Amino acid sequence: MTITAKATISTWGKYNAGSLKGLEVDLTDYTDLDEVWEAARKFHSDEHDPEFMISDYRCDIEGAIDENGIAEEIFEILDMDEWEQEICAAFSQLCSYDMETIVNDARDRHAGTADTCADFAEDFYEQTSGVKFSELFRQGLVIDWQATWDRNLRHDFDEVRHNGDLHFFRVA
């Protein structure tokens, strides 16, 4: 699923005159912010020197669009493959709207997805230890993976649910 990144670009002049008439843009149709602002200038050509405002927006990347503008970094994310976009969208829920951190760190800090924290703990220890716990379970070993998460991993990873997936990110 490609991320959603849409905005309605109006002007303060129209807003002060009682109108929110604006250009609706889907940022996936543009290659950079200059193209977006050029389209907005053409749409609002009835104003001499329009002062733009974002009157409405929908974006899966928190902090990429707000009332004051559109972050240039959104186009770097839109150029990523769908899975990387999904990782950035999930990570954006943890980053206090720091677009540079989202672009630069999301993929490196992403540690995986799982249905639960306990499932992540089991997967994490299998990947990092090389031990196949399923074989040990047949021999009678019992591991409380939720307790393992709570005691050993909770402070090393942030988790966030996005589009039904539970994503895990290494704490910086």
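One can find the structure itself at the top, above this paragraph.
Everything in this summary refers to the structure shown in the same document. Bear in mind that the values here come from a model prediction, so they are computed numbers and not experimental data.

Turning next to the overall build of the protein. Helix and strand counts for the protein stand at 8 helices and 8 strands. Along the three orthogonal principal directions, the C-alpha set of the protein runs to about 75 × 25 × 25 Å. Considering the protein as a whole, with its 172 residues, one finds that 40% of them fall into the buried category. Here the analysis covers contacts within the protein between residues at least 6 apart in sequence; of these, 61% occur between residues at least 24 apart. Looking at the protein as shown, the accessible area adds up to about 9,900 Å², and 43% of this sits on carbon and sulfur atoms. Taking the 14 positively charged and 40 negatively charged side chains of the protein as two groups, their mean positions are separated by 3 Å.

Moving on: the environment of Trp12. For Trp12, the position within the fold is in helix α1 (residues 12–16). What makes Trp12 partly exposed here is its relative accessible area of 33%. In this structure the C-alpha to C-alpha distance between Trp12 and Trp145, which are 133 residues apart in sequence, comes to 55 Å. Not counting residues within four places of it along the chain, the set of residues in contact with Trp12 comprises Glu51, Phe52 and Met53.

So, on to the packing of helix α6 (residues 117–129) against helix α8 (residues 145–153). Two numbers describe how α6 lies on α8: the axes approach to 7 Å, and their chain directions differ by 75°. Classified by the angle their axes make, α6 and α8 are roughly perpendicular. For the pair α6 and α8, contact is made by Cys117, Ala118, Phe120, Ala121, Glu122, Phe124 and Tyr125 and by Trp145, Gln146, Thr148, Trp149, Asn152 and Leu153, respectively. Looking at side-chain class alone, the contact of α6 with α8 contains 9 nonpolar, 3 polar and 1 charged residues.

Pairs of aromatic rings are described using the distance from one ring centre to the other and the angle between the two planes. Applying the stated criterion to the full structure yields 12 aromatic pairs. An angle of 10° between the planes, with centres 4.0 Å apart, marks the rings of Phe120 and Phe168 as stacked. Of the two residues, Phe120 is situated in helix α6 and Phe168 in strand β8 (residues 165–170); the sequence distance between them amounts to 48 residues. Relative accessible area serves as the criterion here: at 0%, Phe168 is assigned to the buried category. Their ring planes at 75° and their centres at 5.3 Å tell us that Phe124 and Phe157 sit as a pair that is edge-to-face. Of this pair, Phe124 sits in helix α6 while Phe157 sits in strand β7 (residues 157–162); the two residues are 33 residues apart in sequence, bridging distant segments of the chain.

For the rest of this paragraph, the subject is the side chain of Ser92. Considering the arrangement of structural elements, one finds Ser92 in helix α4 (residues 82–92). When residues no more than four places from it in sequence are discounted, the contact partners of Ser92 are Asp60, Ile61, Glu62 and Ile102.

Conventions adopted
Residues numbered from 1 in each chain as written. Predicted model: local features only at pLDDT ≥ 70, side-chain atom pairs only at ≥ 80, totals over all residues. Heavy atoms only, no water. Helix = DSSP H or I, 4+ residues; strand = E, 2+ residues; numbered from the N terminus. Buried < 20%, exposed > 50% of the residue type's maximum accessible area, 1.4 Å probe, protein only. Contact = heavy atoms within 4.5 Å. Areas by Shrake-Rupley, 256 points an atom, 1.4 Å probe, with all protein chains shown as cover. Lys, Arg positive; Asp, Glu negative; His and termini not counted. Charge placed at Lys NZ, Arg CZ, Asp CG, Glu CD. Axes fitted to C-alpha atoms, helices over the stretch in contact; angles between N-to-C directions. Parallel < 35°, antiparallel > 145°, perpendicular 65-115°, else oblique. Nonpolar A, V, L, I, M, F, W, Y, C, P; charged D, E, K, R; others polar. Phe/Tyr/Trp six-rings, centres within 6.5 Å; stacked < 30°, edge-to-face > 60°.

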